[in-house]
Amino acid sequence: VSMAKVSAVATGAAPQIRGRQPRVRPARVRLVIPSNTSYLGVVRDVAQRVARASGFDPDTASQVALAVDEAATNAIVHAYGGAEDHEVEVCFKATATGLFVAVIDSGARLDPRRLPEVDLQRYASEGRKGGLGVHLMGRIMDSMAFRRVTGRNVCSLFKRKSGSPEVGG
Amino acid sequence: VDTLSEQAAPLAMNELAVESREVNGVWLIAPKGFINAHTARVFESELRRAVDSGRLQIVIGCGELVYIASAGLGAIMGTIEEIRRGGGDLRLAGLSPAVQNVFEILGFTYLYRIFGSEQEAVLSFRAPVGGADS
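I will try to describe carefully the structure that is included in this document. (Residues numbered from 1 in each chain as written. Chains lettered and ligands numbered in written order. Predicted model: local features only at pLDDT ≥ 70, side-chain atom pairs only at ≥ 80, totals over all residues. Heavy atoms only, no water.)

**Looking at helix α4 (residues 97-105) of chain B**
This is how the line gets drawn: Partly exposed describes any residue whose relative accessible area lies between the buried limit of under 20% and the exposed limit of over 50%, with all areas from a 1.4 Å probe on protein chains only and scaled to the type maximum. Helix and strand definitions follow DSSP, with helices as H or I runs of at least four residues and strands as E runs of at least two, each counted in order from the N terminus. Read the arc as the range of directions from the helix axis to the C-beta atoms. By the convention used here, residues are in contact when the closest approach between their heavy atoms is within 4.5 Å.
All buried positions along α4(B) are accounted for by V99(B), V102(B), F103(B) and I105(B). Down the axis, α4(B) shows its buried residues gathered within 165° of arc, on one side only. Buried residues belonging to α4(B) abut α2 (58-79) and α4 (132-140) of chain A together with β4 (65-68), α3 (70-85), β5 (89-93) and α5 (108-111) of chain B. Directly beyond the C-terminal end of α4(B), a positive phi value near 80° is found at G107(B).

See the structure below:
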């Protein structure tokens with residue numbers, strides 16, 4: 001069983017250019033996990049800590065962690081169909097504007113946007129369960145995009161810091 | 001009676017334990033820890049076991065539920081209609097602000113009756129229809 005790998009680049013102030021605000025280099029964290037749902041707790045913990053470290057309050061950080069958990073769940077359960085011998089990559093980039101997250105897998109083409117709009121009443125009456133995760137991700141994050149890039153699914157999420165201008169990922 | 005699903009993998013057991021017991025004729029299911037796509041089956045099997053054995057007055061005691069992802073919400077969605085068709089209901093109690101927030105995001109607060117404490121939720125099954133919610 002392969003282990004989860006985490007790499008991080010510490011946030012550091014770039015050398016100050018005269019007369020300008022010091023620019024803060026984006027902090028990057030990259031996490032690679034086996035495509036096994038038992039590692040979702042690791043994804044949640046890292047996402048929560050990265051969101052906190054990048055300046056989000058605990059409640060918002062928890063929500064971001066939930067959205068990232070849902071994206072990783074989609075990769076493992078839907079793109080890989082539960083096969084455990086693959087990897088899911090989660091890349092975080094914290095900037096002054098907010099937190100960008102990319103969840104990447106090499107599984108089957110996946111575009112969760114094609115899921116029908118969630119109608120909770122109908123879901124309950126039909127005992128349906130699917131689609132709730134993407135619905136949650138969309139409600140929590142400020143932007144959400146699904147792309148197929150060179151045979152890989154890339155789910156891009158962005159959460160804006162309060163007070164930052166609207167810049168999506 | 002404390003129960004813990006035998007199907008739980010070691011990692012899942014660290015993350016979630018589910019206890020079920022009867023309180024005044026109402027079946028109380030108390031998930032403790034984290035419900036995600038990995039641990040949801042432990043929670044879902046407890047829920048399933050209750051419904052299959054005809055226990056249709058159910059309270060999910062969320063006092064020690066730290067986290068719930070869509071897989072756990074799906075488990076609730078997947079059984080609610082069957083429970084209500086059978087004349088029962090599934091009610092929730094003691095949600096932490098974080099868990100309550102997830103329920104609100106999904107609009108679950110309109111689909112389920114939510115109470116401040118397990119005791120209130122249990123007693124609500126004894127109250128006449130239309131009793132006050134917390």
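**Here we look at the packing of aromatic side chains**
All names here are of chain B. As a reminder, the rule being used: By convention, a stacked pair of Phe, Tyr or Trp rings (six-membered ring in the case of Trp) has centres within 6.5 Å and planes under 30 degrees apart, an edge-to-face pair has planes over 60 apart, and any other such pair is tilted. Remark: a charge is flagged as sitting over a ring if the NZ atom of Lys or the CZ atom of Arg is within 6 Å of the ring centre and within 35 degrees of the ring normal.
Summed over the entire model, instances satisfying the criterion amount to four aromatic pairs over all chains. Judged by centre distance (5.5 Å) and plane angle (85°), the ring pair of F103 and F108 falls under edge-to-face. Across the pair, exposure class does not vary: F103 and F108 are buried alike. Aromatic side chains F108 and Y112 sit 5.2 Å apart centroid to centroid with 45° between the ring planes, which places their arrangement in the tilted category. You can call F108 buried: its relative accessible area is 0%. For Y112, a relative accessible area of 3% corresponds to the buried category. Geometry around W27 places R55 over its ring, the cationic atom sitting 3.8 Å from the centre.

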